[in-house]
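Structural overview for review
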Amino acid sequence: MKSIRNKLLLWLGLGLFSIIVLAGVALYFQARGEANQIFDYQMRQIAASLPRQAFSPISPGQQFPELEDEIMMQIWDSRGSVIYHSHARGAMPRQAELGFANVRGPNGMWRVYSAQIGSTVVQVAQPQSARDEIAAQMAVKTVVPLLLLFPLIGVLSWVAVSRGLAPVRKAAAEVAARDMNSLQPLSDVGMPQEIQPLTHALNDLLARLKHSTETQRAFVADAAHELRTPLTALRLQAQLAERASDEEERRAAFGDLKSGLERTSHLVHQLLTLARQEPDAMGFAVVDLRTLLGSVVGDLSSVAEHGGIDLGLSDAGDDGRPLQVQGNADALRILFNNLVDNALRYTPAGGVVDVGFDLSAACRCTVIIQDSGPGIAESELPRVFDRFYRAQRPHGAQDASGSRAAFGSGLGLAIVRQIADLHRVPVTLVNTGKGLQARVDFILLPA
C-alpha cells in the first residue's frame, strides 16, 4: 500500500542528503580555491625572501628555515646547472617560464612558481595533492556536523509530515464515523488549503447523493401511493368476479378485471421506464430524426387505425437535408412514443395526428406533433409535466378505441420532460385552437 507519509519522508531524506553532498562538494572547491591563493602567496614570499645576489652552490642537505615539508625549492644557474635542491628525495620538474604554472612531475601534478634572481632561476614547487588534501579536510569539517544532525532533522521531518497529514486523518475519521443515511457536508473550518479541494469534492458528491436519494425516496413514495389504488381495485374486481351469480355478471366482472390489469400494467411499465431514465449518464451517438420518427409512426399506426385516427409523418417544409442530432436513440424513441401516444389518446375517432418538422431556423430542427383533440386547459399546462399529475380532460375526450379515455398514470409527460432535460432540448405544449401541439427543438449536427 502506498503511503504519502513514507513517500514524503523518502523524498525529504533524499533531498536533504543530496543538498549536504552538494554543499560538501561546493565547500571543497571553495576551500581549494582559497588554499591555492594562500599557498601561491606563500610561494611568492619564499622566493622573495631569498638574497638578491648570485647564489653559490649549496649542499643538497642544507634547507632554508622557511620551507615546509610539502614545499620544495630548487635553484639553477645561467648554464642550467642545478646548484641547490631543498629535498634530496627527487628532482623537481623544471619549468622554463617565469611565474606560476601547473606541471606534471613526480607523484602527479605540481604547482610551480619560477622567479629570476640575479643570474639564477629559483623555482618553488608544491604537490597539488597537498592542497587538495587540505581543502578536503576543511570541507569534511564543515559537512560532518550536518551529517551528525541528519537523524535530528529526520525526526523533525517525521513530526512535521505527521502533523501536516493530520487534517486528512481527521476528515477520514469524520467520514468513517458517519452512517449510511448521513449525507451532510463535511466542515472545512480550519482545513489547510491543500485539503479543501478534497473536502469540496466530497461535499459535492454528498450533495449529489443526497439529491439522488431524496429523488428516489420521493419516487418510491409516489409509486407506492399510485399503485395502492389500482391494486385495491383489482382485489375488489376479483372479489366481484368470484361472487357473480350468473354468466353475464361474471363476464362483466372479468371484463372490468381485465381493464384494471391493463391499467395497472401500463402504470408499472411507465414507472419502470421513468426509473430507467433516472441516471444522468447515458450513451450518446448520432441519431437520424427522420428515420426515428418514421419508425415511431410505423409502430403506432396500428393503434391509430384501431381508433379511427389518421396518423402520418408529414414532409411539408422538409428540404431533405440530413436531420442528425447527438442523443440516445432508445431514450428519444421513448420520448416520441409517449408524445404520439398521448396525442392518440386525446384525439377522438375520426381525428388527425400529424408528425412533422420545422426547418425554418438555421442548424435547428423542431419536431412538431399536432393532434386534433380538445387540448389541455391553459391553467394546467405548467403542471402536466409533473410526476403523477393528471390533467382534467375536457368533456367528451376519448381514447383511440373510441371509449372515454379513462386511465392514465400521469407519468408519460414526466418521462418526456426528463429525457428532454437529459438531452438539453426544450419541449413545449401549445393549444393551437385545432388541438394540442407538442414541439421538441433540436440542434442539428453539421452535415
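Placed above this text is the structure.
Residues numbered from 1 in each chain as written. Predicted model: local features only at pLDDT ≥ 70, side-chain atom pairs only at ≥ 80, totals over all residues. Heavy atoms only, no water.

1. As for the packing of aromatic side chains
- Under the defined criterion, the tally for this structure stands at three aromatic pairs.
- Aromatic side chains tyrosine 28 and phenylalanine 29 sit 5.3 Å apart centroid to centroid with 75 degrees between the ring planes, which places their arrangement in the edge-to-face category.
- For phenylalanine 29, a relative accessible area of 47% translates into the label partly exposed.
- Relative to tyrosine 113, the ring of phenylalanine 100 has its centre 4.6 Å away and its plane inclined at 40 degrees; by these criteria the two rings are tilted. Residue phenylalanine 100 is found in strand S3 (residues 99–105), and its partner tyrosine 113 is found in strand S4 (residues 108–117); the two are separated by 13 residues along the sequence.
- With a relative accessible area of 15%, tyrosine 113 lands in the buried category. (Phe/Tyr/Trp six-rings, centres within 6.5 Å; stacked < 30°, edge-to-face > 60°. Buried < 20%, exposed > 50% of the residue type's maximum accessible area, 1.4 Å probe, protein only. Helix = DSSP H or I, 4+ residues; strand = E, 2+ residues; numbered from the N terminus.)

2. Brief notes about the pairing of strand S11 (residues 427–431)
- As defined by bridge partners, S11 adjoins strand S12 (residues 436–443) across five bridges and the pair is classed as antiparallel. For asparagine 431, the partnering residue across the bridge sits in S12 and is leucine 436.
- With antiparallel pairing between neighbouring strands as the criterion, S11 and S12 make up a hairpin whose turn holds four residues, including glycine 433 at a positive phi of roughly 90 degrees. (Pairing = 2+ DSSP bridges.)

3. Considering the environment of alanine 304
- The topology assignment puts alanine 304 in helix H7 (residues 289–306).
- By relative accessible area, which is 1% here, alanine 304 ends up buried.
- For the pair formed by alanine 304 and valine 353, sequence separation is 49 residues and the distance between their alpha carbons is 8.8 Å.
- Excluding residues within four positions of it along the chain, alanine 304 makes contact with Ile309, Leu311 and Leu344. (Contact = heavy atoms within 4.5 Å.)

4. Brief notes about the packing of H7 against helix H8 (residues 329–346)
- Closest axis-to-axis distance for the H7/H8 pair is 10 Å, and the angle between their directions is 40 degrees. As summarised for this structure, H7 and H8 are arranged oblique, according to the angle between their axes. The handedness of the crossing between H7 and H8 is right-handed. Here Leu289, Leu292, Leu293, Ser295, Val296, Asp299, Leu300, Val303 and Ala304 of H7 come into contact with H8, specifically with Ala329, Leu332, Arg333, Phe336, Asn337, Val340, Asp341 and Leu344.
- Looking at the contact of H7 with H8 residue by residue, the classes come out as 12 nonpolar, two polar and three charged. (Axes fitted to C-alpha atoms, helices over the stretch in contact; angles between N-to-C directions. Parallel < 35°, antiparallel > 145°, perpendicular 65-115°, else oblique. Left-handed = near helix turned anticlockwise from the far one by under 90°. Nonpolar A, V, L, I, M, F, W, Y, C, P; charged D, E, K, R; others polar.)

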